[in-house]
Each structure stands twice: as structure tokens, then as C-alpha cells.
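Commentary on secondary and tertiary structure
The residues making up each chain are set out below.
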Amino acid sequence: MKRFILVISLLSAVVAYPTQVNANSMPCSVILEPVDQNLKNAKGVALIYKVQLNPPSAARTNISILAVHLPEPSSYGNYDSYEGFASKPGEISWRFKLYPTPEEESPSWAGRFDLITAEMKNVKVQVRLSHSRTQKLGPSVLTSNIESCN
């Protein structure tokens, strides 16, 4: 009987384990790493979780980004701010403004987007340069991928 229970336990572990290898449950987070390896201090984090908005409606997914030690956007050319950018390549993308904190030197940049209804699977998350007046989106400065966050 002990062998039978052991075999059933091992078999269930082998069957159940692969379905959870790449799945993270909400909330989940990813570390955003610099695209340019010379930006040694630049880092960010994206937090993904479900929110219930007012007036009451179906739950939506929120993505919040905090980025620190980024260079002045103008050091890359005709840019004056940063934006959060998330995409499911070939399907949909979301972009949202990141706001600087009041520190004089090297402010932190943060922002959020609350209206995502798509499944958060195979999503690329970035902090990108932006020009606020022209709405021109520039290259990525920080990036990471979310394999799955359900």
C-alpha cells in the first residue's frame, strides 16, 4: 500500500509540475534591465495584478512601472520624457506616460495603466523614450519579458 501511495504521489507530481513551470499567478513582477549595458545603475520593475475599477465592472489587469537611475531623455536626442510600453507582438500594445519624481538629480520615473483585458502571456515590457508634444515614441531603454502571469 505504501508503494502504491508513493507511485501515485510521484506520478501526480510529474504530471502536474510541467503545467506550472512557466506560469506565475497574479500578482507578478519582472525586473526591467537596461538595453545598453553601459547604463549600469539603470533598473526598473513592472508589477502586474488585477484591479477592480469604479464603477464596478469586470476586473482589469494593471501594469505599473517604476524605473530608476535613467539618463535625461534629452541625452538621447529630441526626447523629453519616458513612457511605459507593453506589447503582445503581432496582437496588441499599450503605452502610458511615466512621470518623474521631484528629485533634482536623476529622478525616478513611474506610471500605470489599468485597462488591460488581454491575457498576460508572452508580453514584452519596456521603458521607452518619448517626446511629449509630438507623441513620438523612441527606442527602449529598459526591457523584460513576461512568459505568463495569470
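Quantities reported herein were computed from a predicted structural model and do not represent experimental measurements.

Moving on, we get to the pattern of salt bridges. Think of it this way: side chains of opposite charge can pair up when their charged atoms draw near. Throughout the structure, instances matching the rule amount to four salt bridges. Here Lys88 and Glu91 are joined by a salt bridge, their closest N and O atoms 3.9 Å apart. Among the residues examined, Lys88 registers a relative accessible area of 9% and is labelled buried. Overall, Glu91 belongs to the exposed group, its relative accessible area being 61%. Linking Arg112 and Asp114 is a salt bridge whose minimum nitrogen-to-oxygen distance equals 3.0 Å.

Time to look at the sheet that holds strand β8 (residues 136-149). Pairing is antiparallel in the closed barrel, where eight strands are placed in the order β1-β2-β3-β6-β5-β4-β7-β8. Across the sheet, the mean angle separating the axes of adjacent strands is 25 degrees when strand polarity is ignored. In this structure, strand β4 (residues 81-88) lies alongside strand β5 (residues 92-100), joined through seven bridges in antiparallel fashion. The partner of Ser87 across the bridge, within β5, is Ser93.

How each quantity is defined
- Residues numbered from 1 in each chain as written.
- Predicted model: local features only at pLDDT ≥ 70, side-chain atom pairs only at ≥ 80, totals over all residues.
- Heavy atoms only, no water.
- Salt bridge = Lys/Arg side-chain N within 4 Å of Asp/Glu carboxyl O.
- Buried < 20%, exposed > 50% of the residue type's maximum accessible area, 1.4 Å probe, protein only.
- Pairing = 2+ DSSP bridges.
- Helix = DSSP H or I, 4+ residues; strand = E, 2+ residues; numbered from the N terminus.
- Axes fitted to C-alpha atoms, helices over the stretch in contact; angles between N-to-C directions.

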